[in-house]
Amino acid sequence: AAGVIQSPRHLIKEKRETATLKCYPIPRHDTVYWYQQGPGQDPQFLISFYEKMQSDKGSIPDRFSAQQFSDYHSELNMSSLELGDSALYFCASSLDRYNEQFFGPGTRLTVL
Amino acid sequence: EDQVTQSPEALRLQEGESSSLNCSYTVSGLRGLFWYRQDPGKGPEFLFTLYSAGEEKEKERLKATLTKKESFLHITAPKPEDSATYLCAVQAHLRGNMLTFGGGTRLMVKP
């Protein structure tokens, strides 16, 4: 079965640089979510999109922005990167807003 | 504020030794409670969704149950391949579609 695709899988950036993470949801899924998971921590909700519109917003820094495109893929843009942004970033998708969320393999971001 | 607490934090079992993981929650209007399994460095893998007290779901050696205050994930005759972190998450009516996760239980099953 098709799963959520995330790219890149690993990313190394310097402080103050920018990064763009991409997410391709499961086919026919119309809702995309972004989560951040620090070392030894739970996934923390950042933001979600339903039918290309922002749906809910969590603890997403102002330096981050995201959008969902017409083909339902989503991108998380991160600017002025800080050391504390080093984490696993997961994208999840669901069929409609309140159904079970299926997670991708994650992008491991390292900020040096 | 929604709170989700999982216990124990870590659990070591011998292969075949059944046990239960607990997820206690305080939520203003539960829409759903979700169980996930996560292997190190990988994305959470969906296991179950429970919506109302009294509901039960089963899958192979796993069985999830729900009351008004907590959920249990029962593992029957576990195998080493069941070793992982098990995450519980809640979705509340007043908080849109975000998931709030508990701290997870790290399960290790020894042969």
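Right above here is the structure, for reference.
Residues numbered from 1 in each chain as written. Chains lettered and ligands numbered in written order. Predicted model: local features only at pLDDT ≥ 70, side-chain atom pairs only at ≥ 80, totals over all residues. Heavy atoms only, no water.

Draft legend 1. Region of the structure containing the overall build of chain B. Within chain B one finds zero helices and 11 strands. Mapped in sequence order, the helices and strands of chain B form the string β-β-β-β-β-β-β-β-β-β-β. Relative to its length of 111 residues, chain B is compact, with a C-alpha radius of gyration of 13 Å against a globular reference of 13 Å. Along the first, second and third principal axes, the C-alpha atoms of chain B reach 45 × 30 × 20 Å. In chain B, which comprises 111 residues, the proportion classed as buried is 50%. Sequence-distant contacts, at least 24 apart, represent 56% of the contacts inside chain B between residues at least 6 apart. (Helix = DSSP H or I, 4+ residues; strand = E, 2+ residues; numbered from the N terminus. Rg over C-alpha atoms; globule rule 2.2 N^0.38 Å. Buried < 20%, exposed > 50% of the residue type's maximum accessible area, 1.4 Å probe, protein only. Contact = heavy atoms within 4.5 Å.)

Draft legend 2. Geometry of the overall build of chain A. The secondary structure content of chain A amounts to zero helices and 11 strands. On C-alpha atoms alone, chain A measures out to a radius of gyration of 13 Å, which is about the 13 Å that the 2.2 N^0.38 rule sets for 112 residues. When the backbone C-alpha atoms are referred to their principal axes, chain A occupies close to 35 × 25 × 25 Å. Among the 112 residues that make up chain A, the fraction classed as buried is 46%. In chain A, 54% of the contacts between residues at least 6 apart in sequence involve partners at least 24 apart.

Draft legend 3. How the structure looks around the interface of chain B and chain A. Tallying the contact residues gives 22 residues for chain B and 22 residues for chain A. At the boundary of chain B with chain A, total buried surface from both sides reaches about 1600 Å², with 53% on carbon and sulfur atoms. Here chain B is connected to chain A by zero salt bridges. The interface formed by chain B and chain A contains nine residue pairs in polar contact (both at pLDDT 80 or more). Only strand 4 (30-38), strand 5 (45-50) and strand 9 (84-92) of chain B provide two or more residues apiece to the side of chain B that touches chain A. (Buried area = accessible area lost by both parts, 1.4 Å probe. Salt bridge = Lys/Arg side-chain N within 4 Å of Asp/Glu carboxyl O. Polar contact = N/O pair within 3.5 Å; in protein donor to acceptor, adjacent residues only side chain to side chain.)

Draft legend 4. The arrangement of the environment of A:Q37 in detail. Residues and elements named next belong to chain A. Relative to the helices and strands, Q37 resides in strand 4 (residues 31-37). With a relative accessible area of 10%, Q37 lands in the buried category. Sequence separation of Q37 and F90 is 53 residues, and the distance between their C-alpha atoms is 7.6 Å. From its side chain, Q37 meets the backbone oxygen of Q41 in a polar contact 2.8 Å long.

Draft legend 5. Main features of the packing of aromatic side chains. Residue and element names in this part refer to chain A. One pass over the full model with this rule turns up 10 aromatic pairs over all chains. Measuring from ring centre to ring centre gives 5.6 Å for Y35 and F45, while their planes differ by 65°; the resulting arrangement is edge-to-face. Within this pair, whereas Y35 is found in strand 4, its partner F45 is found in strand 5 (residues 44-50), the two being separated by 10 residues in sequence. A residue is classified by how much of its surface remains accessible, and F45, at 3% relative accessible area, is buried. (Phe/Tyr/Trp six-rings, centres within 6.5 Å; stacked < 30°, edge-to-face > 60°.)

Draft legend 6. Focus on the nonpolar core. B:L33, B:W35, B:L73 and B:Y86 are the most contacted members of the largest nonpolar core, which has 25 residues in total. Among the elements that make up this core, the one with the highest residue count is strand 9 of chain B (five residues). Residues within four places of B:L73 in sequence aside, it is in contact with B:S19, B:S20, B:L21, B:W35, B:F48, B:L62, B:K63, B:A64 and B:Y86. Listed in part, the 21 residues of the second largest apolar core include A:A19, A:W34, A:A87 and A:L109. (Core = buried A, V, L, I, M, F, W, Y, C linked by side-chain atoms within 4.5 Å.)

Draft legend 7. Geometry of the state of the cysteines. Residues and elements named next belong to chain B. Applying the stated criterion across every chain yields a total of two disulfides over all chains. With its sulfur 1.9 Å from that of its partner, C23 forms a disulfide with C88. Looking along the S-S bond of the C23-C88 disulfide, the torsion reads about -55°, which is the left-handed sense. Linking C23 in strand 3 (residues 19-26) with C88 in strand 9, this pair joins segments that are 65 residues apart in sequence. Judged by relative accessible area, C23 falls into the buried class, the value being 0%. Residue class for C88 comes out buried when judged on its relative accessible area of 0%. (Disulfide = S-S within 2.5 Å.)

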